[in-house]
Protein chains: 2
Amino acid sequence: MYRTINNGELRRIHIGQEVIMSGWVQRSRDLGGMTFVDLRDRYGITQLVFNLDINSELCHKARNLGREFVIQIKGKVIARASVNKEMLTGDVEVEVTEMNILNKSKVPPFTIEDQTDGGDELRMKYRYLDIRRNPIKNNILLRAKISSETRKYLNDNGFCEVETPYLIKSTPEGARDFVVPSRMNQGEFYALPQSPQTFKQLLMVGGIDKYYQIVKCFRDEDLRADRQPEFTQIDCEMAFVEQEDILNMFEGLIRHLLKEIKNINIGEFPKMTYDDAIRLYGSDKPDIRFDMRFVEMNHVCQNNDFSVFDSAELVVGINVKGGASFSRKQIDKIIDFIKTPQVGGGGLIYCKYNHDGSLKSSVDKFFSEEDLNRWIDVCKSSRGDLIFIMAGSERKTRKALSTLRLHVAELLGLRNPEIFAPLWVVDFPLLEWDEETNRYHAMHHPFTSPKPSHISKLDSNPGEIRANAYDLVLNGNEIGGGSIRIHDKELQSLMFQHLGFTESQAKAQFGFLMEAFEYGAPPHGGIAFGFDRLCALLGGQEGIRDFIPFPKNNSGRDVMLDAPSKIDKDQLNELGLDNK
Amino acid sequence: MYRTINNGELRRIHIGQEVIMSGWVQRSRDLGGMTFVDLRDRYGITQLVFNLDINSELCHKARNLGREFVIQIKGKVIARASVNKEMLTGDVEVEVTEMNILNKSKVPPFTIEDQTDGGDELRMKYRYLDIRRNPIKNNILLRAKISSETRKYLNDNGFCEVETPYLIKSTPEGARDFVVPSRMNQGEFYALPQSPQTFKQLLMVGGIDKYYQIVKCFRDEDLRADRQPEFTQIDCEMAFVEQEDILNMFEGLIRHLLKEIKNINIGEFPKMTYDDAIRLYGSDKPDIRFDMRFVEMNHVCQNNDFSVFDSAELVVGINVKGGASFSRKQIDKIIDFIKTPQVGGGGLIYCKYNHDGSLKSSVDKFFSEEDLNRWIDVCKSSRGDLIFIMAGSERKTRKALSTLRLHVAELLGLRNPEIFAPLWVVDFPLLEWDEETNRYHAMHHPFTSPKPSHISKLDSNPGEIRANAYDLVLNGNEIGGGSIRIHDKELQSLMFQHLGFTESQAKAQFGFLMEAFEYGAPPHGGIAFGFDRLCALLGGQEGIRDFIPFPKNNSGRDVMLDAPSKIDKDQLNELGLDNK
């Protein structure tokens, strides 16, 4: 037996017991006649002590242990002379009587410590060593806990987990598919699923009225930072439900997770329409941990001979609580940030409402104190606040101000990762105009149901149609999205037409789904959560990579495996393929 | 709201309540002034009643409902005039006051009944309709329950579920990989995992000492009946363990599943060495629900001038309890079966030990009653039994007799799917000789640890080396297999050498694992269970296909999706590939 107890368990009550323990050498130090070794495993660290006077051979052996050696020891639990309050096992240590070196280790390429000296690429290449570090190990354990609690909630609510296939059919709509050449059917390809969307709808047709799956999905996109070619979804669908039923059920899921994982109780989630989110926050995923809503200011800003405002489609501001204390230098830095290409803001006007009641703006030349007082009024500013104002075309200005809003919140410490502010954004547009292809695309996907009263606008005003589609937003991140689906084959055909599918294209790609709808499809809808992001947020971070056990880099490579890689010519031949 | 209660829930206590229900029309019948509709959903069937006298319009509407129409009704729960004891909801019915047709249905291509008229291909093409049938629906629910109980057991035992990647690196060893061309790295390919073997070993190196995952795996093999190109494994690994620890832990898993799923309590699982299994049952996965062990009979059969026996390497028999009652015709059919090419038995000798004590064999010409009495002795036969004997080369004969044994057991009704007889088969050979390539292959995989005392035989007698490898066998099916792994890089190198890898091949394919072993790999081992088979067995069947929600056919095709299929020329171009 390699161990009778693990390295996180020993307490005062164990004093006097004989134990066998195994693990890795975290560090060792010699103090006169004693050698102390910190032994580590998944559960914690235990201090081992070797006494030169009692067993000099063993003590010498201990002195030659390197970092990350794997050892097994036998010994007796004793009280520590100096208790370590920082460690759970800090009351005791183990006086070693036997030691067995199970494996040696080269010096690791980076330190196995909470704060490591290893850079990103090095940590990825030796991910198995990175996983020994508490921050990564804890993320992996957290992820397992979140998936387990997710399953618990959904199982308790009558959902059935169903495995859908990975080798499916390629559909050119949506993102690019990864494809898998078929050897048995040469010239033909499977595709890896971008999501189990059609399968979950088929399960609804099949009568499995509450489905979920925690499942890998695949998208062959040009990767941006923090995008992975394979990612995990909590995929869910329900039949015989209306939008409200779905929102209630999955609000319950997130509430359950916040309670079980973070011990936070959250009441009913607020709801906001897409149009309001854009109007008030310039974003369809507003961070509502803090206020700073947009204030439209055309009426108090225009017609003052200040051309920046006068020529703008929209003049819009935010009131920054306590922002009057920003120095000139801080404000200049903010203005520089706004002008960077990734933000693309034209410029920024500010107005300070000082503590003494005086007003100071960057456009004092153009606006009288009376004018500025009207700004203060519409922005509901108090003494000590600051107003930031942007102007320009509606879309671009809202977007830039949204970025500014988050940036300022960051500076003011308002984006505390331990505070959670979920929000439903509802009534998304059904279609969005695509400049490139010069036609409307499904904003969500082609199976999303329009609001019934809006269907008549399909010909006259497609951009105005709102859908029974919703996103769950957490702290400014979209963590889930879904919709009520179309379950009527006529309406689905109509949608395909409006999305530019010919009848034969629709049939080739979604024929099985259209056919399924001929045999009594029930009303249904669902949602899918980005599991990687959810784990990261519950882990107090925004980056997903350290919450994925074996992630790929930004070029889609696994640098540990060195994949993708060349394959044998024979293998290619068997598949009936040639590299160009 | 589409429903206030589902179709499986109504009982006497609900009488008098107003309910809203939704579901599919299972059947409808008109009896004079009444129309009865069976409304079905995932949970059961409720009888609806429409009264022509009370509401003739509604009753006429009900009379026009077709099979599988989706409807929503409002009504009042009333007691049934004639109770139906067969149905859980058979005490009551719902007198309908309002009805809403949610969707129509064409007449389904096969009947949605427990016993359907649909053939296999038709059922696969319309799998979403097949899933509405109880037998398939119940399999899907069973599968979800088994995976949920598996996770519960493993979580309760401190295991951490870790998701390993699907886009990995191709390794020519083992079965054929499915590959995924990389667009971003043209000319290079990912592979889909045949199992997460190397990842789970890396997790052990990383200190996650108890890992599991319920995970899809992929093998591009020529399909035999009941093989799927994608299949699901319960994949597990533990560090700081010996073989006994693993057997105990996973015996516990199967015991837990048998208890929770079948309400069967099973004690300690028997263990048998591979050599014994072959000797006593001619198989490394013996079905021990019944006895019929092999009896080696060379000493009582040879040297009697019966050349079939005299020239044989092995003469081996089984005693069939009660087999003396087999008719001549039955025995002839068994002999025919034995001679079919898939069994490949040369022939079959029998000896009946009749109830009156007389003996009758198919070789009375060659053997005296005294000879036959010695057979009876060594086979421990009783009156009424029958001995079957086969002779020939050792391997082939054992294999054929093993098939005969199962066949006879089937005929005698000894393979009751509701009886469960698990068995550990241990001490598998490390290597097996491959006639085709004329060299030794790893029987399990190249990471399997030989028994330490056998390592010295690597040069002298590789075929005799036994490994710390084990299978869990249930009712004659291998449901799981695993081993203690090599954790020492020197031994791993030595193994690669003996498996015919050059150093550079080993490095190209498993370099990351070999490198990981340089940094303190702990002793570890694991097991993987075939989840599809496990579900089938717990569902009382041996075929896996109806336990997979969306299976592929024997040509690896999904006939519902029509996948694999051609892809766009553009898509191929983007991947830098040409069809030959």
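In this text, all values refer to a predicted model and were calculated from it rather than measured experimentally.

J.: Describe the sheet that holds strand β16 (residues 385–392) of chain B, listing the residues and the values that go with them.
T.: Residues and elements named next belong to chain B. Judged by pairing direction, the sheet is antiparallel, and its 5 strands sit side by side in the order β12-β13-β16-β14-β15 without closing on themselves. Either end of the sheet is taken by a strand with one partner, and the two such strands are β12 (295–296) and β15 (359–361). Sheet analysis places strand β13 (residues 314–320) next to β16, joined by 7 bridges and oriented antiparallel. Bridging across to β16, Gly317 finds its partner in Ile389.

J.: Give a detailed account of the interface of chain B and chain A, specifying residues and quantitative values.
T.: Quite often, the size of an interface is put as the accessible area lost when its parts meet. Opposite the 120 residues of chain B that make contact, chain A presents 121 residues. Carbon and sulfur atoms supply 57% of the area that chain B and chain A bury against each other, a total of about 10900 Å² over both sides. Its largest share of buried area at the contact with chain A, chain B owes to Glu163, Phe240 and Tyr519 of chain B, together 8% of the area lost on that side. The tally of links between chain B and chain A comes to 16 salt bridges. Across the salt bridge formed by Asp209 of chain A and Arg42 of chain B, the nearest N and O atoms sit 3.2 Å from each other. Sorting elements by how many residues they give to the side of chain B that touches chain A places helix α4 (residues 134–156) of chain B first, with 9 residues. Residue composition of the side of chain B that touches chain A, by class: 60 nonpolar, 26 polar and 34 charged.

J.: Please give an account of a nonpolar patch on the surface that cites residues and values.
T.: Residues Leu411, Leu412 and Leu414 of chain A make up a contiguous nonpolar surface patch of roughly 230 Å² in combined accessible area. Checked against the element boundaries, Leu411 of chain A lands in helix α12 (residues 394–411).

J.: Lay out the packing of helix α4 (residues 134–156) of chain A against helix α6 (residues 243–262) of chain A with the relevant residues and their values.
T.: All names here are of chain A. Where α4 meets α6, the axes come as close as 10 Å, and the angle between the chain directions of the two elements is 140 degrees. In this view, α4 runs oblique relative to α6, as classed from their interaxial angle. When the axes of α4 and α6 are compared, the crossing they make is right-handed. On the side of α4, the interface is formed by Leu142, Lys145, Ile146, Glu149, Thr150, Tyr153 and Leu154, while α6 contributes Asn248, Met249, Phe250, Gly252, Leu253, His256, Leu257, Glu260 and Ile261. In terms of residue class, the contact of α4 with α6 is built from 9 nonpolar, 4 polar and 3 charged.

J.: Summarise the relation of the copies chain B and chain A; cite the residues concerned and give the values.
T.: Overlay of chain B on chain A (RMSD 0.2 Å): rotation 180 degrees, translation along the axis 0.0 Å. The symmetry that links the two subunits is that of a two-fold axis. A high fraction, 100%, of the interface residues of chain B reappear at the interface in chain A, so the copies pair face to face through one surface.

J.: Outline the environment of Leu258 of chain A, listing residues and values.
T.: Residue and element names in this part refer to chain A. Note that Leu258 resides in helix α6. A relative accessible area of 0% means that Leu258 is categorised as buried. For the pair formed by Leu258 and Ile146, sequence separation is 112 residues and the distance between their alpha carbons is 9.7 Å.

J.: Please give an account of the sheet that holds strand β11 (residues 271–273) of chain A that cites residues and values.
T.: All names here are of chain A. The 8 strands lie next to each other as β6-β9-β10-β22-β21-β20-β17-β11, forming an open sheet whose pairing is mixed. Sheet topology places β6 (160–161) and β11 at the edges, where each strand pairs with a single neighbour. Pairing analysis gives 7 bridges linking strand β10 (residues 230–239) to strand β22 (residues 524–530), with the strands arranged antiparallel. Bridging from a neighbouring strand, Glu237 pairs with Gly526 of β22. Along the sheet, α4 makes contact with β6, β9 (210–218) and β10, crossing β9 at roughly 150 degrees. The strands touched by α6 within the sheet are β9, β10, β11, β17 (422–426), β20 (469–474), β21 (477–484) and β22, with β22 carrying the most contacts at an inclination of about 30 degrees.

J.: Would you mind going over helix α10 (residues 328–339) of chain A in detail, with residue names and values included?
T.: Residues spaced three or four apart along an α-helix point in a common direction, a consequence of the helix completing one turn every 3.6 residues. The end-to-end C-alpha distance of α10 of chain A is 17 Å, a good match for the 16 Å that 12 residues give at a rise of 1.5 Å each. On its buried face, α10 of chain A sits against β14 (349–353), β16 (386–392) and α12 of chain A.

J.: Just give me the short version of the packing of aromatic side chains, but keep the residues and values in it.
T.: Evaluation of the coordinates by the stated rule reveals 47 aromatic pairs over all chains. Where Tyr274 of chain B meets Phe428 of chain B, the ring centres are 5.0 Å apart and the plane angle is 45 degrees; that geometry is what we call tilted. Placement of Tyr274 of chain B in helix α7 (residues 274–281) and of Phe428 of chain B in the loop between β17 (422–426) and β18 (431–434) is noted, with a sequence separation of 154 residues between them. Accessibility assignment for this pair places Tyr274 of chain B and Phe428 of chain B in one class, buried. Taking the centre distance of 6.4 Å and the plane angle of 90 degrees together, the rings of Phe447 of chain B and Phe496 of chain B count as edge-to-face. Here Phe447 of chain B, found in the loop between β19 (439–442) and α13 (457–460), pairs with Phe496 of chain B, found in helix α14 (residues 489–498); they are 49 residues apart in sequence, far enough to count as distant. The same class applies to Phe447 of chain B as to Phe496 of chain B, namely buried. Ring-pair connections join several aromatic residues into one group, and the members of that group are Phe306, Phe309, Phe366, Phe367 and Trp375 of chain A.

J.: Kindly report on the pairing of β20 of chain A, identifying the contributing residues and their values.
T.: Residues and elements named next belong to chain A. Counting buried positions along β20 gives 6 out of 6 residues, so the element sits mostly inside the fold. Along β20, one buried face is formed by Ala469, Asp471 and Val473 and the opposite face, lined by Tyr470, Leu472 and Leu474, is buried too. Relative to β20, β17 is paired through 5 bridges, and the arrangement is antiparallel. Each bridged residue has a counterpart across the sheet, and for Leu423 the counterpart in β20 is Val473. Where β20 meets β21, 6 bridges bridge the pair, whose relative direction is antiparallel. Within the sheet, the bridge partner assigned to Tyr470 lies in β21 and is Gly482. The antiparallel hairpin formed by β20 and β21 contains 2 residues in its connecting segment, where Asn475 sits at a positive phi of about 55 degrees.

Criteria and thresholds
Residues numbered from 1 in each chain as written. Chains lettered and ligands numbered in written order. Predicted model: local features only at pLDDT ≥ 70, side-chain atom pairs only at ≥ 80, totals over all residues. Heavy atoms only, no water. Pairing = 2+ DSSP bridges. Helix = DSSP H or I, 4+ residues; strand = E, 2+ residues; numbered from the N terminus. Contact = heavy atoms within 4.5 Å. Buried area = accessible area lost by both parts, 1.4 Å probe. Salt bridge = Lys/Arg side-chain N within 4 Å of Asp/Glu carboxyl O. Nonpolar A, V, L, I, M, F, W, Y, C, P; charged D, E, K, R; others polar. Patch = residues over 30% accessible without salt bridge, like charges linked within 9 Å, V, L, I, M, F, W, Y side chains within 5 Å. Areas by Shrake-Rupley, 256 points an atom, 1.4 Å probe, with all protein chains shown as cover. Axes fitted to C-alpha atoms, helices over the stretch in contact; angles between N-to-C directions. Parallel < 35°, antiparallel > 145°, perpendicular 65-115°, else oblique. Left-handed = near helix turned anticlockwise from the far one by under 90°. Least-squares fit on C-alpha atoms with pLDDT ≥ 70 in both. Buried < 20%, exposed > 50% of the residue type's maximum accessible area, 1.4 Å probe, protein only. Expected span 1.5 Å × (residues − 1). Phe/Tyr/Trp six-rings, centres within 6.5 Å; stacked < 30°, edge-to-face > 60°.

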